[in-house]
Amino acid sequence: MKNIRMVVSYVGTHYHGFQTQPIGNTVQDVLVQAIHVLTGEKVHIVASGRTDAGVHARGQVFNFVTASPIPIGRWALALNSRLPDDIAILKADEVPLDFHSSYSAKRKTYRYSIDTNKFADVFERDYRFHYPMPLRLSEMREALSKVVGKHDFTSFASQRSTKRSHVRTILEARIEQGEGKLDLFVTGDGFLYNMVRIIVGTLLWVGEGKLSVSDFERILEAKDRTAAGPTAMAHGLMLWEVSYDD
C-alpha cells in the first residue's frame, strides 16, 4: 500500500465545496470517481481542509492510500485526462503512511480578491468580489495587522463553527494593490469556518469609514460574531497554498 499526496487546483464556481456531502457535486466526489475509473479502487481522500461552495483553490492538498502499481510520475497526467476542465492535479508524490494532509499541515495561506473598479472585469468576475467603493487602504492595512499573532477569533468565525477552540495563530497578513484590484493574503496555522471571509467583510467596513482601526481591534477582542461585519462573498476566496515540513 502507498500513501499518495497530490496538489490540486480547482475553480469552485460550479461545486458545492470540496468535501463530500449529501447534496453531492463536490470536488472530492469528482476526484474519487476519477481515481476509481483509473484504478478500480474506491479510495478515501483526506484533504488539508474543506472549502465552501464557490470557493476556489490554487494549491489544495489531499492524500489517499492505494494499492495501484501506477508509477508516481504518471499519476497527475493519468488523472487529469479523466477530470473536467475546472479541476487539475498539479503534482503527486509518495509520502509515509502516517502522513495526513490536514494534521501534518503547518501553514495555510488564503487569498481574497476584490475588484474595486466602477465596472466589473468580466474576465475575473468569478474570482474577484466586485466592490466599487472608494476604500481607505492605509486604514485597512493597519486593521489587518491586528490579526497577526495568537488570538481567539470567535468574532471572525461563523456561528455554525463546531471547533472546540477558536484560538488560532496568524503568521502573516498583507494587502497587495493593483490597478482597481486588491488581493488580501492571510497565512496561519489554521482557520475557522468563514474566518477569512468575515475578516474581509469587516475590513471593507473599515475601508469605507464605517469602522475605525480601534473598532476593528475591539471586535477582535470581543469574541462575539455579532460584533463583526458581514461575510464576504465566497467567489473572492482562494486556498492559495498549504505548507508542510518537507
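Okay, so let's go over this structure.

Rules and cut-offs
- Residues numbered from 1 in each chain as written.
- Predicted model: local features only at pLDDT ≥ 70, side-chain atom pairs only at ≥ 80, totals over all residues.
- Heavy atoms only, no water.
- Phe/Tyr/Trp six-rings, centres within 6.5 Å; stacked < 30°, edge-to-face > 60°.
- Helix = DSSP H or I, 4+ residues; strand = E, 2+ residues; numbered from the N terminus.
- Buried < 20%, exposed > 50% of the residue type's maximum accessible area, 1.4 Å probe, protein only.
- Lys NZ or Arg CZ within 6 Å of the ring centre and 35° of its normal.
- Expected span 1.5 Å × (residues − 1).
- Arc of directions from axis to C-beta.
- Contact = heavy atoms within 4.5 Å.
- Polar contact = N/O pair within 3.5 Å; in protein donor to acceptor, adjacent residues only side chain to side chain.
- Salt bridge = Lys/Arg side-chain N within 4 Å of Asp/Glu carboxyl O.

### What to know about the packing of aromatic side chains
The relation between two aromatic rings is expressed through the spacing of the ring centres and the mutual angle of the planes. This structure, assessed with the given rule, holds 8 aromatic pairs. Centre to centre, the rings of F62 and F64 are 6.2 Å apart; their planes meet at 20°, and the pair counts as stacked. Between the aromatic rings of F99 and Y244, the centroid separation amounts to 5.2 Å while the plane-to-plane angle is 55°, which identifies the pairing as tilted. Linking F99 in the loop between β4 (87–95) and β5 (107–115) with Y244 in the segment after β10 (237–243), this pair joins segments that are 145 residues apart in sequence. In this pair, the class of F99 matches that of Y244, namely buried. Among the aromatic residues, those joined into a cluster by ring pairs are F62, F64 and W75. Looking at R5, its charged tip hangs above the ring of Y244, at a distance of 5.5 Å from the centre. If you follow R58 out to its NZ or CZ, it ends over the ring of W240, 4.2 Å from the centre.

### Quick word on helix α1 (residues 27–39)
In this model α1 runs 18 Å from its N-terminal to its C-terminal C-alpha over 13 residues, within 8% of the 18 Å that 1.5 Å per residue would give. Inspection of α1 places V27, Q28, L31, V32, A34, I35 and L38 among the buried residues, and these make up the whole buried set. The buried residues of α1 all sit within an arc of 160° when viewed along its axis, so they share a single face. Where the residues of α1 are buried, they touch β1 (2–10), β3 (56–66), α2 (75–80) and β4. Two residues or fewer past α1, G40 is found with a positive phi of approximately 85°.

### So, the side chain of H166
Its place among the elements puts H166 in the loop between β7 (149–152) and β8 (167–178). In terms of polar contacts, H166 uses its side chain to reach the side chain of T154, at 3.0 Å. The residues touching H166, leaving out its near neighbours within four places in the chain, are H151, D152, F153, T154, A157, S161 and L192.

### Brief notes about the environment of D152
The topology assignment puts D152 in strand β7. Sequence separation of D152 and A222 is 70 residues, and the distance between their C-alpha atoms is 9.2 Å. In contact with D152, not counting residues within four places along its chain, are H166, V167, L220 and K223. Here the side chain of D152 touches T154 through a polar contact of 2.5 Å, side chain to side chain.

### Things to note about the pattern of salt bridges
Scanning the model with the defined rule gives 13 salt bridges in all. Between K210 and E208 there is a salt bridge, with its nearest N and O atoms 3.7 Å apart. Of the residues examined, K210 reaches a relative accessible area of 52% and is grouped as exposed. Residue E208 is classed as partly exposed on the basis of its relative accessible area of 21%. The salt bridge partner of R218 is D215, with a shortest N-O separation of 2.2 Å. Placement of the pair is R218 and D215 together in helix α5 (residues 213–222), with a separation of 3 residues, close to one helical turn. Taking relative accessible area as the criterion, R218 reaches 49% and is therefore assigned partly exposed. Residue D215 is classed as partly exposed on the basis of its relative accessible area of 22%. Sharing partners across several salt bridges, the network here consists of R111, D121, E124, R128, K181 and D183.

### Points about the environment of M233
The topology assignment puts M233 in the loop between α5 and β10. With a relative accessible area of 43%, M233 lands in the partly exposed category. Put simply, M233 and H130 are 103 residues apart on the chain and 9.4 Å apart in space, counted from C-alpha to C-alpha. Contact partners of M233, with chain neighbours within four places excluded, come to Y112, F129 and R197.

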